[in-house]
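Close look at the chain arrangement
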Amino acid sequence: MEEIRTLTIDDNLISATASSSILLAAREHGIEIPTLCHLDGLGDIGACRLCIVEIEGQNKLQPACVTRVEENMVVKTKSPRLDKYRRMIVELLFAEGNHVCSVCVVNGHCELQDIGYSVGMDFVRFEYLHQDKRVDATHERFVLDHNRCILCTRCVRVCDEIEGAHTWDIAGRGIDCFVITDLATEWGASTSCTSCGKCTLVCPTGALFEKGKPVTSLSRNRDFLQYIVNAREKHEWFKK
Amino acid sequence: MTLEELYDIGQGFREQLSAFKAEIHVCGSGGCASSGSLHLKEAFEKGCEARKIINDVRIITTGCMGLCGAGPLVRVHPSDSLYIRVQQDDIDRILDSHILKDKVVKDLLYPNDGPFFAKQMLIALKNMGRIDPESIEDYIAHGGYEALAKAITYYTQEGVVLEIRNSGLRGRGGGGYPTGLKWDIVRRVSSAEKYVVCNADEGDPGAFMDRAMLEGNPHAVLEGMAIAGYAVGATQGYIYVRGEYPLAIERLRKAIKQSERLQILGNRILDSKFNFRIDLRIGAGAFVCGEETALIQSIEGQRGQPRPRPPYPSQVGLWGKPTLLNNVETFANAPAIVLNGGKWYSRIGTEKSKGTKVFALAGRITNTGLIEVPMGTSLRDIVFEIGGGIPDNGEFKAAQTGGPSGGCIPIQHIDTPVDFESLTQIGSMMGSGGLIVMDQTSCMVDVAKFFMEFCKDESCGKCIPCRVGTVQLFRLLEKMTKGEATDQDLDILEELCVMVKDTSLCGLGQSAPNPVMSTLHFFRTEYDQHISEQYCVANVCNLHGKNRAVADDSETVPRTEET
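**Let's talk about the overall build of chain A**
Looking only at helices and strands, one finds 6 helices and 10 strands in chain A. In terms of overall size, chain A behaves like a compact globule, its C-alpha atoms giving a radius of gyration of 19 Å where 240 residues would be expected to give roughly 18 Å. The buried share of chain A, reckoned over its 240 residues, is 39%. Within chain A, counting contacts between residues at least 6 apart in sequence, those at least 24 apart form 61% of the total.

**Focus: the overall build of chain B**
Counting its regular elements, chain B contains 23 helices and 14 strands. A globule of 563 residues ought to have a C-alpha radius of gyration of about 24 Å, and chain B, at 25 Å, matches this closely. Taken over the C-alpha atoms alone, chain B extends approximately 75 × 65 × 40 Å along its principal axes. With 563 residues in all, chain B has 55% of them scored as buried.

**With respect to the packing of helix H18 (residues 444-458) of chain B against helix H22 (residues 514-522) of chain B**
Residue and element names in this part refer to chain B. Contact pair H18 / H22: the axes reach a minimum separation of 8 Å and the direction vectors enclose 170 degrees. It follows that H18 is roughly antiparallel to H22 by the angle criterion. Residues Met444, Val447, Ala448, Phe451 and Met452 of H18 touch H22, and the partners they reach there are Pro515, Val516 and Thr519.

**Focus on the nonpolar core**
In this structure, Cys155 of chain A together with Val221, Ile227, Ala228 and Leu473 of chain B are the most contacted members of the largest nonpolar core, which totals 237 residues. At 10 residues, the largest contribution of residues to this core is made by helix H11 (residues 218-232) of chain B. In this view, Leu473 of chain B contacts Met452, Leu493, Leu496, Cys497, Val500, Pro513 and Val516 of chain B; residues no more than four positions away in its chain are not counted.

**Side note on the interface of chain B and chain A**
How big an interface is tends to be stated in terms of the accessible area lost upon association of its parts. Contact with chain B, which involves 22 residues of that partner, is made by 26 residues of chain A. Elements represented by at least two residues in the side of chain B that touches chain A include exactly H18, helix H19 (464-481) and helix H20 (487-503) of chain B. It is H19 of chain B that contributes the most residues to the side of chain B that touches chain A, 8 residues altogether. Here the side of chain B that touches chain A is composed, by residue class, of 10 nonpolar, 5 polar and 7 charged.

**Focus: the pairing of strand E11 (residues 369-374) of chain B**
Burial runs high along E11 of chain B: 6 of the 6 residues are buried. What sits between strand E10 (residues 356-363) of chain B and E11 of chain B in their antiparallel hairpin is a turn of 5 residues.

**Description of the domain arrangement of chain B**
For chain B, the assigned domains read domain 1 (15-111), domain 2 (144-346), domain 3 (356-439) and domain 4 (450-533). Here domain 1 of chain B and domain 4 of chain B have C-alpha centroids that lie 48 Å from each other.

**Considerations on H11 of chain B**
Residue and element names in this part refer to chain B. The terminal C-alpha atoms of H11, which comprises 15 residues, lie 22 Å apart, in line with the 21 Å expected from a rise of 1.5 Å per residue. Of all the 15 residues making up H11, 15 are buried; the element is thus mostly covered by neighbouring parts of the structure. Phi turns positive one or two residues past the end of H11, at Gly233, with a value near 85 degrees.

**Let's talk about unusual backbone geometry**
Residues and elements named next belong to chain B. The linkage connecting Gly71 with the following residue, Pro72, adopts the cis geometry, with an omega of -5 degrees. Considering the arrangement of structural elements, one finds Pro72 in the loop between strand E2 (57-62) and strand E3 (74-77). Here the bond from His77 into Pro78 is cis, since omega is 10 degrees, no more than 30 degrees from zero. Within the secondary structure, Pro78 is located in the loop between E3 and strand E4 (81-83). Despite not being glycine, Asp392 shows a phi value in the positive range, around 55 degrees. Relative to the helices and strands, Asp392 resides in the loop between helix H16 (379-386) and strand E12 (396-401). Looking at Asp392, the number of C-beta atoms within 10 Å reads 8, which means it is exposed. The phi dihedral of Asn542 is positive, around 60 degrees, even though this residue is not glycine.

**Here's the deal with helix H3 (residues 111-118) of chain A**
All names here are of chain A. For H3, the full list of buried residues reads Leu112, Gln113, Ile115 and Gly116. Buried residues in H3, looked at end-on, bunch into an arc of 165 degrees, giving them a common side. In this fold, the buried residues of H3 make contact with helix H2 (80-96). Gly120 lies just past H3 and shows a positive phi near 75 degrees.

**Structural notes on the environment of Gln412 of chain B**
For Gln412 of chain B, the position within the fold is in the loop between strand E13 (407-410) and helix H17 (420-425). A sequence separation of 110 residues divides Gln412 of chain B from Phe522 of chain B, and the C-alpha atoms of the two residues are 9.6 Å apart.

**What to know about the sheet that holds strand E1 (residues 22-27) of chain B**
All names here are of chain B. Strand order in this open sheet of 5 strands is E2-E1-E3-E4-E5, and the pairing throughout is mixed. If you trace the sheet from one side to the other, it starts and ends with E2 and strand E5 (109-110), each paired once. Pairing analysis gives 6 bridges linking E1 to E2, with the strands arranged parallel. When the sheet's bridge partners are listed, Ala22 is paired in E2 with Val57.

**Some points on the packing of H19 of chain B against H20 of chain B**
Residues and elements named next belong to chain B. Where H19 contacts H20, the axes come no closer than 10 Å and their chain directions differ by 155 degrees. The angle between the axes of H19 and H20 places the two elements in the roughly antiparallel class. Once H19 is placed against H20, the crossing between them reads as left-handed. The segment H19 lies against H20, with Pro465, Cys466, Gly469, Thr470, Gln472, Leu473, Leu476 and Lys479 engaging Asp489, Ile492, Leu493, Leu496, Cys497, Met499, Val500 and Thr503. Tallied by class, residues from the contact of H19 with H20 come to 10 nonpolar, 4 polar and 2 charged.

About the criteria used
- Residues numbered from 1 in each chain as written.
- Chains lettered and ligands numbered in written order.
- Predicted model: local features only at pLDDT ≥ 70, side-chain atom pairs only at ≥ 80, totals over all residues.
- Helix = DSSP H or I, 4+ residues; strand = E, 2+ residues; numbered from the N terminus.
- Rg over C-alpha atoms; globule rule 2.2 N^0.38 Å.
- Buried ≥ 20, exposed ≤ 12 C-beta atoms within 10 Å, placed from the backbone.
- Contact = placed C-beta atoms within 7 Å.
- Axes fitted to C-alpha atoms, helices over the stretch in contact; angles between N-to-C directions.
- Parallel < 35°, antiparallel > 145°, perpendicular 65-115°, else oblique.
- Core = buried A, V, L, I, M, F, W, Y, C linked by C-beta atoms within 7 Å.
- Nonpolar A, V, L, I, M, F, W, Y, C, P; charged D, E, K, R; others polar.
- Pairing = 2+ DSSP bridges.
- Domains from an automatic or database assignment.
- Expected span 1.5 Å × (residues − 1).
- Arc of directions from axis to C-beta.
- Left-handed = near helix turned anticlockwise from the far one by under 90°.

Set out below in structure tokens:
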């Protein structure tokens with residue numbers, strides 16, 4: 001049996017296994033922390049910074065997804081400062097890409113949109129960058145729209161960790177980063193892509209989607225991820 | 001190779017040297033080479049041949065001699081005379097007067113107790129500019145590898161770590177983490193494989209300390225790494241050196257080969273059971289790879305992106321193994337500490353910052369160059385005594401330390417002792433040792449913009465606050481320098497600075513707002529002038545003070561008192 005740690009999250013006394021992250025412990029007890037790069041079943045990278053929390057006795061804010069629980073830890077997931085930072089992060093994302101919900105395939109099923117609502121973002125204070133980004137529709141079944149990509153790297157991780165193809169990766173630096181297939185070839189010309197479509201299912205926005213879907217029609221079923229992870233780790237070969 | 005044989009090599013080389021009547025050392029490092037020192041060596045050789053004394057005079061190219069601003073530099077032994085600004089036509093004078101008649105050429109001489117040297121104390125730079133960096137024998141003759149031999153022969157692993165702990169040495173890459181503690185952590189972790197990595201990915205604008213050390217005395221870094229390898233129980237070391245330093249790479253390659261040939265690196269070092277190899281890894285030009293976790297990724301052949309810590313590299317590092325990661329200067333200090341003892345080192349410096357620190361003086365300062373001073377030396381001494389003050393009757397405005405992670409120190413803090421705590425307290429940081437001096441011709445908003453542009457270009461793009469936040473910050477600063485910003489922009493700028501600092505993943509993003517925050521703190525009037533009066537006091541931003549109530553003569557550089 002794994003050791004148990006007890007800690008306080010938002011004034012709730014909580015126990016969790018020693019290997020769990022603050023995020024997991026909080027969610028198991030119904031405390032919601034916003035995330036974008038995290039997805040159950042994929043490895044965590046602590047990149048989107050939305051899940052930052054305050055830990056008593058530490059000056060720095062810590063990402064809940066990659067910070068392990070510790071005995072007697074006191075965590076705050078909500079505070080005026082955290083709320084402000086989360087809202088600013090979402091604002092930065094909206095100013096970075098070209099996110100126009102009304103013409104997006106995932107309108108109404110978009111995690112970025114949901115988080116925008118949940119952090120109370122009613123306008124963007126920052127200058128829109130209006131970057132000139134491309135759309136890759138060379139794959140026979142799927143489309144990649146860089147305008148809507150928030151570089152969460154879920155596609156990179158699901159392709160590497162679950163499908164085992166590692167078709168996706170990141171190229172460029174800073175604001176010029178973009179996801180690539182193979183060695184930055186067109187997706188349709190990729191020799192490693194198995195066309196499994198897992199990347200389109202994990203994408204939090206409308207950056208990756210299946211062809212032929214009309215606007216606002218795309219909702220995603222991600223049960224497959226938990227099924228595969230359970231099968232691998234617990235040898236449970238059934239769908240719940 | 002045994003300890004006796006090591007001494008024999010040193011003794012033999014010293015005997016060889018004593019056969020020469022004189023030595024001429026020509027500085028071959030960056031600054032002097034670009035002002036023509038490489039031709040000087042040939043000219044000295046020709047001159048000696050013509051005078052038929054070529055066999056009596058040893059002429060070598062050395063590493064940096066420090067006083068780069070007065071190059072090309074030439075040092076003549078045995079009288080240890082430093083000649084500055086040596087030109088082709090000075091060569092005959094030096095040879096005829098100094099070498100043949102033993103009369104020093106006074107008008108070229110810089111005294112060894114002159115203000116540039118008087119307050120310096122050389123430990124890491126001790127042999128630099130005094131030995132041939134391509135000769136391991138020369139290094140050994142100057143006491144090189146004695147510390148490694150002493151460590152392996154007389155010390156246990158704990159003993160070496162204890163000396164480093166006692167010395168109070170702190171990481172010289174900028175963070176200031178206690179080196180002995182780090183070594184101890186890596187030593188205590190039980191693992192069949194451990195690594196020692198030297199961070200030589202120096203990339204701060206205006207910094208050239210590591211470069212000079214690697215080019216001028218590469219063996220000192222190798223020796224420091226080998227001592228560290230012995231202390232923590234590692235058998236493999238890597239030096240991550242940036243690709244923009246081809247001479248440093250070449251010198252390191254040569255130095256590693258020489259050490260392996262003499263069995264100072266490799267298997268059964270100095271006839272002990274200790275094995276240690278060092279390999280080079282060449283950086284491909286990303287600033288963020290100086291961040292330790294990104295550096296490790298890069299060595300592994302991955303995309304150089306930082307990952308969240310903990311776990312720290314001392315527990316989970318290169319290929320998942322415990323890894324000791326230190327800066328070039330930290331390793332270069334280790335041999336002296338082992339040789340003279342930790343207590344000796346801890347007597348130098350201040351209470352919390354021990355030892356000496358190397359600085360690269362650059363910008364509007366008379367004596368541009370490389371210096372090493374005891375911790376706690378005041379900024380005033382560094383700028384006005386060692387550095388010789390501001391050229392062209394300029395007025396000191398600010399000193400920038402810590403590169404894109406640091407801040408600007410204004411005139412009212414000129415007496416701040418330079419140590420880790422004091423600099424952090426006034427909103428700057430020690431950093432790796434770049435020190436850029438600015439006078440009234442620098443606009444502080446423009447300076448902040450410059451560093452923000454650097455950070456935005458060098459952000460890896462992994463976390464949102466750094467990837468997008470730095471771009472937004474840069475755009476706001478750009479608006480200010482164009483005279484298009486509003487008071488609201490200033491509010492957003494300040495708010496965003498705090499947010500990027502608090503939420504970014506790695507040190508690059510967390511410290512990127514520092515130059516803006518420190519200039520805002522000390523030079524807020526300049527920001528206000530840019531915004532409300534479209535006026536740039538240094539006349540850098542080309543604004544002509546459109547809305548300025550009192551018209552200034554835009555042709556001359558106006559000077560105002562900074563508060």
